[in-house]
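Single-letter residue listing:
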Amino acid sequence: HHSYFDAVRPHFVGTMRVSPVTGARELHFSAWRRALRYAVTVPITGACLLVALAAMFAMLNLNGLMARESPFYVPLLNSRNPSKPGIVYESDPWWLQQLPAVAHALTIFVLNTCYRLIAVRLCDFENHRTGGD
């Protein structure tokens, strides 16, 4: 929960006006301007979500957990042995068996790092007055 009097974010920009609530001078950024900025940030956030979904489907394919009948089945990611799903088998060396799990962990780390950077920039672009807006 936050109030109107929470600390103003350092990156907040606006025009000076007299507050209709307190009568004090304040920086103001109109709701319609922020709504226009949402028209930019929402599709970017949606694209990030699609990248995460694609990575998840790739990992499911690599682990042999995607059914051949699925529209998300990718033969290239299951092509090592056409009779068996996935790319790693119990007869493989232990280190090779760990490859999909390591790839999954690295993918999560990279996507999380990228999204954190994007999210901070998008938040600054949306120009919220406080951290709780």
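Structure shown above.
Thresholds applied
Along each chain, residues carry numbers from 1 onward, in the same order as the chain's sequence is written. Only residues with pLDDT of 70 or above have their local features reported here, since the model is predicted, and side-chain atom pairs are shown and tallied only from 80 upward, although totals for entire chains, interfaces and linings are computed over all residues. Excluding hydrogens and water, the side-chain figures rest on all heavy atoms present in the structure. Helix and strand definitions follow DSSP, with helices as H or I runs of at least four residues and strands as E runs of at least two, each counted in order from the N terminus. Note on exposure labels: buried denotes an accessible area under 20% of the residue type's maximum, exposed denotes more than 50%, and partly exposed covers the range between, all computed with a 1.4 Å probe on protein chains only. A patch consists of residues whose relative accessible area exceeds 30% and which take part in no salt bridge; residues with like charges are grouped when within 9 Å of each other, and nonpolar side chains (Val, Leu, Ile, Met, Phe, Trp, Tyr) when within 5 Å. Only the protein chains shown count as cover for residues, with accessible areas throughout obtained via the Shrake-Rupley method and a probe of 1.4 Å. Salt-bridge detection follows one rule: a side-chain nitrogen of Lys or Arg within 4 Å of a carboxyl oxygen of Asp or Glu. Here, axes are lines fitted to C-alpha atoms. For helices the fit covers the stretch in contact, and angles between N-to-C directions go from 0 to 180 degrees. Angular relationships are summarised with four words: roughly parallel below 35 degrees, roughly antiparallel beyond 145, roughly perpendicular across 65 to 115, and oblique for the angles in between. Under the scheme applied here, ten amino acids are nonpolar (Ala, Val, Leu, Ile, Met, Phe, Trp, Tyr, Cys and Pro), four are charged (Asp, Glu, Lys and Arg), and all others, including Gly, are polar. Note on aromatic contacts: the rings of Phe and Tyr and the six-membered ring of Trp form a pair at centre separations within 6.5 Å, being stacked when their planes are under 30 degrees apart, edge-to-face when over 60 apart, and tilted otherwise. The criterion for a charge sitting over a ring is simple: Lys NZ or Arg CZ within 6 Å of the ring centre, and within 35 degrees of the ring normal. By definition here, a helix of n residues has an expected span of 1.5 Å times n minus one. Every residue pair with non-hydrogen atoms within 4.5 Å of one another is taken to be in contact.

Chemist: Help me understand the side chain of Arg-9 in this model?
Modeler: Tracing the sequence through the fold places Arg-9 in the segment before β1 (15-18). Judged by its relative accessible area of 13%, Arg-9 falls in the buried class.

Chemist: What am I meant to see in a nonpolar patch on the surface here?
Modeler: Taken together, the side chains of Val-40, Ile-44, Tyr-115, Ile-118 and Phe-125 present a nonpolar region at the surface, about 360 Å² in accessible area. Tallying contributions element by element places helix α3 (residues 99-126) first for the nonpolar patch, with 3 residues. Summarising the element assignment, Val-40 is placed in helix α1 (residues 31-62). You can call Val-40 partly exposed: its relative accessible area is 39%.

Chemist: In this structure, what is going on with the packing of α1 against α3? I would like to understand it.
Modeler: Two elements in contact, α1 and α3, have axes whose closest approach is 11 Å; the angle formed by their N-to-C orientations is 180°. Compared by their axis directions, α1 and α3 come out roughly antiparallel. The residue inventory of the contact of α1 with α3, partitioned by class, reads 16 nonpolar, 4 polar and 3 charged.

Chemist: Help me out: how do you make sense of the packing of aromatic side chains in this one?
Modeler: Any aromatic ring pair is given by two values, namely how distant the centres are and how the planes are angled relative to each other. Taken as a whole and judged by the stated rule, the model has 1 aromatic pair. Centre to centre, the rings of Phe-57 and Phe-72 are 4.0 Å apart; their planes meet at 5°, and the pair counts as stacked. Of this pair, Phe-57 sits in helix α1 while Phe-72 sits in the loop between α1 and α2 (94-97), and the two are 15 residues apart along the sequence. A relative accessible area of 21% means that Phe-57 is categorised as partly exposed. Just above the ring of Phe-125 sits the side chain of Arg-37; from NZ or CZ to the centre is 5.0 Å.

Chemist: Before we go on, may I ask you to explain the environment of Asn-127 in this structure?
Modeler: With respect to the secondary-structure elements, Asn-127 resides in the segment after α3. C-alpha of Asn-127 to C-alpha of His-11: the two residues are 116 residues apart in sequence and 7.3 Å apart in space.

Chemist: I would appreciate a short explanation of α3 in the present structure.
Modeler: Along an α-helix, residues three or four positions apart point the same way, because every turn accommodates 3.6 residues. Counted at 1.5 Å a residue, the expected span for α3 with its 28 residues is 40 Å, and the 40 Å between its end C-alpha atoms agrees. Among all positions of α3, only Pro-100, Leu-122 and Glu-126 are buried. Next to the buried residues of α3 lie α1 and α2. Positive phi shows up at Asn-127, right after α3, with a value of about 60°.

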